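Commentary on secondary and tertiary structure
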Amino acid sequence: MLAAILIVILICFSIVIFFGAPYLPTLKKEKLAAIELLDLKKGELLLELGSGDGRMLKEMAKKEVFCVGYELNPILVLISRLICWPQRKFVTIKWANFWTEEFPDANGIYVFLLDRYMEKLNKKILNREKKVPLKLVSYAFKVPKKKYVQKKGALFLYQY
Ligand SMILES: C[S@@+](CC[C@H](N)C(=O)[O-])C[C@H]1O[C@@H](n2cnc3c(N)ncnc32)[C@H](O)[C@@H]1O
């Protein structure tokens, strides 16, 4: 029984590598710096692509920013929904592959992906139906051939 549970957990955490970055959470200092860079206001909308354990969503929701997190790992979906339960009015966590989702009109996107996904992400953002102004903050990885407007440590802010 224990072995079966461990295998399921292992599958949940490893299968995501076929679709995006494996789970590695943003640390507190970087999380706070990303929030500062995004500079979203009360009532605005943040998307987090690969929302992990929900720590970023929770912090943003405390500022009354509406948040949608997309997460493929069902264990992390469950954990993040629990973590964000007190902020549930502001937080939606979708068990979904963000590559196949149509994004709502958001004011900001936060990602911690891998280098090889950044160009694909850039195209997905550029192909949005409505081109409302959007800030992207990426942890650790730059968007190829696009100039960032600000850099804080390993965080890059882009404007679309
Ligand atoms: C590097 S972690 C970052 C987690 C969180 N954003 C943070 O910064 O703390 C990447 C997360 O994206 C999720 N993920 C990877 N590819 C995905 C995809 N295509 N759709 C949804 N989630 C994905 C992983 O399960 C993992 O939780």
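What comes next is a walk through the structure. All values derive from a computational prediction rather than experimental measurement.

This part takes up the overall build of the protein. Of the regular secondary structure elements, the protein holds 5 helices and 7 strands. Over its C-alpha atoms the protein spans a radius of gyration of 15 Å, differing by no more than 12% from the 15 Å that the globule rule assigns to 160 residues. Summarising its shape, the C-alpha atoms of the protein cover approximately 50 × 35 × 30 Å along the three principal directions. Burial status across the protein gives 34% buried among its 160 residues. Taking the intrachain contacts of the protein between residues at least 6 apart in sequence as the baseline, contacts between residues at least 24 apart amount to 64%.

A few words on the environment of Phe90. Relative to the helices and strands, Phe90 resides in the loop between α4 (74-83) and β3 (91-95). In the structure, Phe90 is positioned 68 residues away from Pro22 in sequence and 26 Å away in space, judged by C-alpha atoms. In this view, Phe90 contacts Ala61, Glu64, Val65, Phe66 and Cys67; residues no more than four positions away in its chain are not counted.

Here we take up the nonpolar core. Of all hydrophobic cores here, the largest spans 37 residues; its most connected members are Leu46, Met60 and Cys67. Among all residues touching Leu46, those that are not within four sequence positions of it are Leu38, Leu40, Met60, Val65, Cys67, Ala106, Asn107, Gly108 and Tyr110.

The subject of this paragraph is the site of the ligand. Close contacts around the ligand come from 23 residues, with Phe19, Gly20, Thr26, Gly50 and Gly52 the closest. Among the secondary structure elements, those contributing two or more residues to the shell around the ligand are α3 (55-62) and β2 (66-71). Residues that form the shell around the ligand fall into these classes: 13 nonpolar, 7 polar and 3 charged.

Let us now look at the environment of Ile35. Mapped onto the elements of the fold, Ile35 is located in helix α2 (residues 28-38). In the structure, Ile35 is positioned 94 residues away from Glu129 in sequence and 26 Å away in space, judged by C-alpha atoms. In this structure, Ile35 is in contact with Glu59 and Met60, ignoring residues within four places of it in sequence.

Here we come to helix α1 (residues 2-14). With 13 residues, α1 should reach 18 Å at 1.5 Å per residue; the first-to-last C-alpha distance of 18 Å fits that figure. By the criterion of burial, α1 is predominantly exposed, with just 0 of the 13 residues buried.

The subject of this paragraph is the pairing of β2. Here β2 lies mainly inside the structure; 6 of its 6 residues are buried. Residue alternation in β2 divides its side chains into two sets, Phe66, Val68 and Tyr70 and Cys67, Gly69 and Glu71, and both sets are buried. Chirality of the crossover, the property in question, places the unit of strand β1 (residues 45-49), α3 and β2 among those that are right-handed. Bridge count between β2 and β3: 5 bridges; the pairing is parallel. Paired with Val68 across the bridge in β3 is Thr92.

Here the focus is the sheet that holds strand β4 (residues 108-111). As summarised here, the arrangement of the 7 strands in space is β3-β2-β1-β4-β5-β7-β6, forming an open sheet in which the pairing is mixed. The open sheet has two free edges, formed respectively by β3 and β6 (150-152), since each of these has just one partner strand. Each strand axis lies, on average, 15° off the axis of its neighbour in the sheet, ignoring direction. The sheet contact formed by β1 and β2 spans 5 bridges and is parallel. For Leu49, the partnering residue across the bridge sits in β2 and is Tyr70. Against the sheet, α3 contacts β1, β2, β3 and β4, and its axis sits at roughly 175° relative to β2.

This part covers unusual backbone geometry. The phi angle at Glu64 is positive, at roughly 65°, despite the residue not being glycine. Residue position: Glu64 is located in the loop between α3 and β2. Positioned with a positive phi, Ala140 is a non-glycine residue whose angle comes to about 80°. Here Ala140 is to be found in the loop between β5 (135-139) and β6.

Each value, and the rule that gives it
- Sequence positions are assigned chain by chain, starting from 1 and proceeding in written order.
- Owing to the predicted nature of the model, reporting of local features is limited to residues with pLDDT of at least 70; listing and counting of side-chain atom pairs is limited to 80 or more, with chain, interface and lining totals taken over all residues.
- Strands are runs of DSSP state E lasting at least two residues, helices are runs of H or I lasting at least four, and both sets are numbered from the N terminus onward.
- Atoms counted for the radius of gyration: C-alpha only. Globule rule: 2.2 Å times the number of residues to the power 0.38.
- Between the buried cut of 20 or more and the exposed cut of 12 or fewer other C-beta atoms within 10 Å of a residue's own C-beta lies the partly exposed class, and all C-beta atoms are placed from the backbone.
- Contacts here follow a simple rule: the backbone-placed C-beta atoms of the two residues must lie within 7 Å.
- Here, a nonpolar core means buried Ala, Val, Leu, Ile, Met, Phe, Trp, Tyr and Cys residues linked by C-beta atoms lying within 7 Å of one another.
- Note on definitions: a residue is near a molecule or strand provided its C-beta atom, placed from the backbone, lies within 6 Å of it.
- Each residue receives one of three labels: charged for Asp, Glu, Lys and Arg, nonpolar for Ala, Val, Leu, Ile, Met, Phe, Trp, Tyr, Cys and Pro, and polar for the others, Gly being one of them.
- By definition here, a helix of n residues has an expected span of 1.5 Å times n minus one.
- Place the viewer so that the strands point away; then a crossover is right-handed whenever the path from the first strand over the helix to the second strand goes clockwise.
- For two strands to pair, DSSP has to find at least two bridges joining them.
- Simply put, an axis is a line fit to the C-alpha atoms, just over the touching stretch for a helix, and the angle between two N-to-C directions goes from 0 to 180 degrees.

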